[in-house]
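One-letter residues, chain by chain:
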Amino acid sequence: MPIYLKILQGPSAGQALAVPPGAPVTLGRSSSASYAFDDPLLSRKHCAVEVRAEFCRIVDLRSRNGTYVNGQQIGAILVQPGDRIKIGSVILEVSNSPTGEPSNTSFTGGVPPGVGVGATQIEGFEIINQLEVTSFGATFLARQLLMDRTVILKTIETGPETDETTLKRFMREAKAGGKLTHPQIVELYDVNEQDGLLYLVTEYVEGYNLGKVLSERGGQPLPAGPTLRVLFQIGEALAYAHGKSIIHRDVRPHHVLVRAKDHLAKLQGFALAKNLQRAISVITADGESLGTPYYMPPEQVRSAKDADERSDLYAWAATTYHCLSGRLPLESRSYGEFIDKVFTCDPEPLQSLVPTCPRELSDLLGRCMEREADARPDSMKLVLQALEPIVRALG
């Protein structure tokens, strides 16, 4: 059945926009969007809304000012009747009625709350909980019945309307992950397809996510000694991957997992990985910027095809800087402001923000975050050699 977006505020307030099942409907200020709004705060194609298999998902399309659902900025999320979406100055309310009045019917029918449709039907797996919905698909905590183990199950639907670039990126995560076997890298168990669903099965790390810890602390720095030991391990993972000609291209706190029982750190998130032996990225077009804003170096912002090992060094250093100071290296109120700064500004030295930080560490991170890649250390191995005595001194 279709769903409707009632315009509560903005151009054409009071109207209800239909979103039929099937292909995504785009919202933005461009005439090429499915529904266009005369609002300068919107990107040309700002977000997309999709109804499929009795659930509804909204995905931000790398908009300049963000997409918000119920006051929270989102990347992609499942929505229900009564949820409110804010894009620019436009506010819309989700409804399953053409009059714009939400009913008590949810879009997910008989599926347990928090569990997406489709993944519940993958043979050999019992879904425990939905963890995330993104523009790539959905991620679940699951039980792999044959092996009797808890795993992470990452799925993406395939079909005639599925974006080919997304599929290639998904499959490349499998190929890159399958090539990497290291204690500090989340292990890939399997990649398969069933009934129009591609899925990856990866190791479940029972512990905590460094990015979530940072968010919970509200900008307070993490303890220097334990945190640096964690990030030293992530550096070892990157050095190993680089030795296999794989660069990560999306190193950030949310991709750092720490196992609770022994504090073993593991790097995840190889969806944007690049194989340097092929010389080119099979899915990255010239001028396309891939990665997470605020941790990317200038060359990767300019074009992800230009990224190499030194780009990962920059992102690793930016992640370390954020964890130890509680601040991003280039504080920005918007992605646009970050773009301006990354080409013209240098991060403030870490020691000026954290006086107890050893000068050697502050200088090392500064060298790793040089705007010119040639000015950075040549390899992660060299960074680890410089970092090891600092970690030992911090205890």
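This section reports on the structure supplied with the text. All values reported here derive from a predicted model rather than from experimental measurement. (Residues numbered from 1 in each chain as written. Predicted model: local features only at pLDDT ≥ 70, side-chain atom pairs only at ≥ 80, totals over all residues. Heavy atoms only, no water.)

Details of the overall build of the protein chain
Link 1 in the chain: Per the secondary structure count, the protein chain includes nine helices and 21 strands.
Link 2 in the chain: Contacts in the protein chain between residues at least 24 apart in sequence constitute 55% of all its contacts with a sequence separation of at least 6.
Link 3 in the chain: As displayed, the protein chain has an accessible area near 18,200 Å², and 49% of this comes from carbon and sulfur atoms. (Helix = DSSP H or I, 4+ residues; strand = E, 2+ residues; numbered from the N terminus. Contact = heavy atoms within 4.5 Å. Areas by Shrake-Rupley, 256 points an atom, 1.4 Å probe, with all protein chains shown as cover.)

Remarks on the packing of aromatic side chains
Link 1 in the chain: Following the criterion strictly, the structure yields two aromatic pairs and no others.
Link 2 in the chain: Between Phe125 and Tyr199, the ring centres sit 5.8 Å apart and the planes meet at 75°, which makes this aromatic pair edge-to-face. In this pair, Phe125 is assigned in strand β12 (residues 125-134) and Tyr199 in strand β16 (residues 197-203), connecting sequence segments 74 residues apart. Taken individually, Phe125 and Tyr199 each receive the classification buried, so the pair is uniform in this respect. (Phe/Tyr/Trp six-rings, centres within 6.5 Å; stacked < 30°, edge-to-face > 60°. Buried < 20%, exposed > 50% of the residue type's maximum accessible area, 1.4 Å probe, protein only.)

Re the sheet that holds strand β5 (residues 47-52)
Within a sheet, adjacent strands bond to each other through the backbone by hydrogen bonds, running parallel or antiparallel.
Link 1 in the chain: Taken in spatial order, the five strands of this open sheet run β4-β3-β5-β6-β9, and their pairing is mixed. Because the sheet does not close on itself, it has two edges, and the strands there are β4 (35-36) and β9 (76-79).
Link 2 in the chain: Pairing geometry for β5 and strand β6 (residues 55-60), over six bridges, is antiparallel. Following the sheet pairing, Arg52 is matched in β6 by Phe55. (Pairing = 2+ DSSP bridges.)

Description of the environment of Ser311
Link 1 in the chain: Position of Ser311 relative to the elements: it lies in helix α5 (residues 309-325).
Link 2 in the chain: Of the residues examined, Ser311 reaches a relative accessible area of 1% and is grouped as buried.
Link 3 in the chain: Through-space distance from the C-alpha of Ser311 to that of Asp250 is 9.4 Å; in sequence the pair is 61 residues apart.
Link 4 in the chain: Beyond its immediate chain neighbours, meaning those up to four positions away, Ser311 contacts Pro297, Glu299, Gln300, Asp306 and Arg376.

Quick word on the packing of α5 against helix α8 (residues 359-368)
Link 1 in the chain: Running from N to C, α5 and α8 point in directions that differ by 140°, and their axes come no closer than 8 Å. As far as their axial angle goes, α8 and α5 are oblique. Crossing geometry of α5 relative to α8 is assigned as left-handed. Contacts between α5 and α8 involve Leu313, Tyr314, Trp316, Ala317, Thr320, Tyr321 and Leu324 from the first element and Leu361, Leu365 and Cys368 from the second.
Link 2 in the chain: Across the contact of α5 with α8, the residue classes break down as nine nonpolar, one polar and no charged. (Axes fitted to C-alpha atoms, helices over the stretch in contact; angles between N-to-C directions. Parallel < 35°, antiparallel > 145°, perpendicular 65-115°, else oblique. Left-handed = near helix turned anticlockwise from the far one by under 90°. Nonpolar A, V, L, I, M, F, W, Y, C, P; charged D, E, K, R; others polar.)

Brief notes about the nonpolar core
Link 1 in the chain: Counting residues in hydrophobic clusters, the biggest one holds 51 residues, and the most contacted among them are Trp316, Leu361, Met380 and Leu387.
Link 2 in the chain: The contact partners of Met380, leaving out residues within four places of it in the chain, are Gly235, Leu238, Ala239, His242, Leu313 and Trp316.
Link 3 in the chain: Leu5, Ile7, Leu42 and Ile74 belong to the second-largest nonpolar core, a separate cluster that totals 22 residues. (Core = buried A, V, L, I, M, F, W, Y, C linked by side-chain atoms within 4.5 Å.)

Some thoughts on unusual backbone geometry
Link 1 in the chain: Unusually for a residue other than glycine, Asn70 sits at a positive phi of about 55°.
Link 2 in the chain: Mapped onto the secondary structure, Asn70 falls in the loop between β7 (67-69) and β8 (72-74).
Link 3 in the chain: Residue Asn70 is classed as partly exposed on the basis of its relative accessible area, which comes to 47%.
Link 4 in the chain: Look at His263: it is not a glycine, yet its phi comes out positive at around 60°.

Observations regarding the sheet that holds strand β11 (residues 90-95)
Link 1 in the chain: In spatial order, the strands read β2-β1-β11-β10-β7-β8; together these six strands make up an open sheet with antiparallel pairing. The sheet is open, and its two edges are formed by β2 (16-19) and β8, each paired on a single side. The sheet shows a mean angle of 30° between the axes of neighbouring strands, taken without regard to direction.
Link 2 in the chain: Relative to β2, strand β1 (residues 3-9) is paired through four bridges, and the arrangement is antiparallel. When the sheet's bridge partners are listed, Tyr4 is paired in β2 with Ala18.

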